[in-house]
Amino acid sequence: MRKLFSAIFMLLVINAFSQIQVSDSTKISVITCSPGKIVYEQFGHSAIRYQDISTGTDLMFNYGVFNFNKPNFLFRFIKGETDYELGVYNSEYFFPEYIKRNSQVTEQELNFTKEEKQQLIDALMLNYQPENREYRYNFIFDNCATRPRIKIEETLGTEKVVYSQEHTQYFTFRHWIGKYVGFYSWTKFGIDLLLGKETDRIASKMETTFLPDILMEEFSEAQIKSPNGAFRPLIKSEKVLVQKNPEPDVIPSFVEKPAFAMLVVLLVGLILTYIEFIKKKNWKIIDSSLLILTGIVGLMVFFMMFFSVHPLVKSNFNILWVNPVNIFVGIILWSKKCNKTAFYFQIANVMLFVGAFVVFLFSIQHINVAAVPFILLLLVRSAFWVFKNREMYLVKK
């Protein structure tokens, strides 16, 4: 009951005032939560905390609020039209979630003057107005970490945040994503299918701050430069509010990785192909299943490339081997009347699968290494189809 009254009180306070007056006891901090285990937790989280000891006010400004119940949420998420919003609530409701998931929560107090604190809280409260609080979320370029950073930088006006040039690591966006989800995980395999060539661009120093951990590291060494050339640290103090309990590192065995599964599929496929060759059989179910499966995946890749507003999915060479047309080819294989059409489609597929290998070998775009055995099987099956039917459609009698 106490928590309910507290929540109602804080809501009334927030809605009653368009401006919060800071005092000498006001502290504003950046809160960083370490990654969790579930997919949407694996990159961590950032928020801004406002505390005033004299009034007992303790608010969390959280840019990571979204509503699963919004119409067509999943479709809009895939399309890149997910709307997040700035949420403001009592800090006591923020921490339990991260304690439960065993995430470390670190607080970095900003080394701001009273005037700068007021400017920041004014900007946040303006952002919290109903007409301003919603924004078009983007996983890399506009998220819970980039928004606080930009708000903090804008608050300083004529002053400037200068970031350290030491310990700078220059990697691609794809590399940074892999570092958090696991380079050889099924999650990374799926992400690599959907993200295109642009993801292999080197992320700039500031672009890497879409990751809360990296933002925390950059803030810890950043300086505020005044117009007169004077410097002061951006962060006044840093402390851990929630300690992460030690957990054993769970390293998946090779048999749990997608590469193993794909190698097994390749081996089984090659054995069946050899049996077909020896016994002069024609098991259409194998080719049909492979083609329809890749075609279904290709529909999603095609949709992301041409209809999604995500910026890193447009030029995706995975379309060479997960081609939506494969659904059609997988179906017409069963029709004798369409055998000739299927034959020429399979010739085209041979060229496309070879093209996928070229993309992989010359690093034109990163293709997940676990996909390579599957692409090889597709190439073998399509080439075998062409070989079996060559006399009927290519050799003149």
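This is a predicted model, so every value here is computed, not measured.

So, on to the overall build of the protein. Looking only at helices and strands, the protein features 13 helices and ten strands. Whereas a compact globule of 397 residues would reach a radius of gyration of roughly 21 Å, the protein reaches 27 Å, over 25% beyond that. Its C-alpha atoms give the protein principal-axis dimensions of about 95 × 45 × 40 Å. Residue burial in the protein is summarised as follows: out of 397 residues, 47% are buried.

With that out of the way, let us pick up the sheet that holds strand E9 (residues 231-233). Adjacent strands of a sheet pair through backbone hydrogen bonds, lying either parallel or antiparallel. Judged by pairing direction, the sheet is antiparallel, and its three strands sit side by side in the order E7-E8-E9 without closing on themselves. If you trace the sheet from one side to the other, it starts and ends with strand E7 (160-162) and E9, each paired once. Each neighbouring strand pair of the sheet contributes to a mean axis angle of 35°, computed without reference to strand direction. Two elements, E7 and strand E8 (residues 223-225), share three bridges in a ladder whose sense is antiparallel. Paired with Val162 across the bridge in E8 is Gln223.

What follows deals with the environment of Lys337. As for its position among the elements, Lys337 is in the loop between helix H11 (325-332) and helix H12 (339-361). Using a relative accessible area of 81% as the deciding quantity, one classes Lys337 as exposed.

Quick look at the environment of Leu234 now. Within the secondary structure, Leu234 sits in the loop between E9 and strand E10 (235-242). According to the relative accessible area criterion, Leu234 is buried, its value standing at 0%. C-alpha separation for the pair Leu234 and Phe219, spaced 15 residues apart in sequence, amounts to 6.7 Å. In this structure, Leu234 is in contact with Glu109, Leu110, Asn111, Phe112, Ile152, Val161, Phe219, Ala222, Gln223 and Ile224, ignoring residues within four places of it in sequence.

In this section: H12. With 23 residues, H12 extends 33 Å between its outermost C-alpha atoms, agreeing within 8% with the 33 Å of an ideal straight helix rising 1.5 Å per residue. All of the buried residues along H12 are Asn339, Ala342, Phe343, Gln346, Asn349, Phe353, Ala356, Phe357 and Val359. A positive backbone phi angle near 55° is found at Ser363, which sits one or two residues after H12.

Calculation rules
Residues numbered from 1 in each chain as written. Predicted model: local features only at pLDDT ≥ 70, side-chain atom pairs only at ≥ 80, totals over all residues. Heavy atoms only, no water. Helix = DSSP H or I, 4+ residues; strand = E, 2+ residues; numbered from the N terminus. Rg over C-alpha atoms; globule rule 2.2 N^0.38 Å. Buried < 20%, exposed > 50% of the residue type's maximum accessible area, 1.4 Å probe, protein only. Pairing = 2+ DSSP bridges. Axes fitted to C-alpha atoms, helices over the stretch in contact; angles between N-to-C directions. Contact = heavy atoms within 4.5 Å. Expected span 1.5 Å × (residues − 1).

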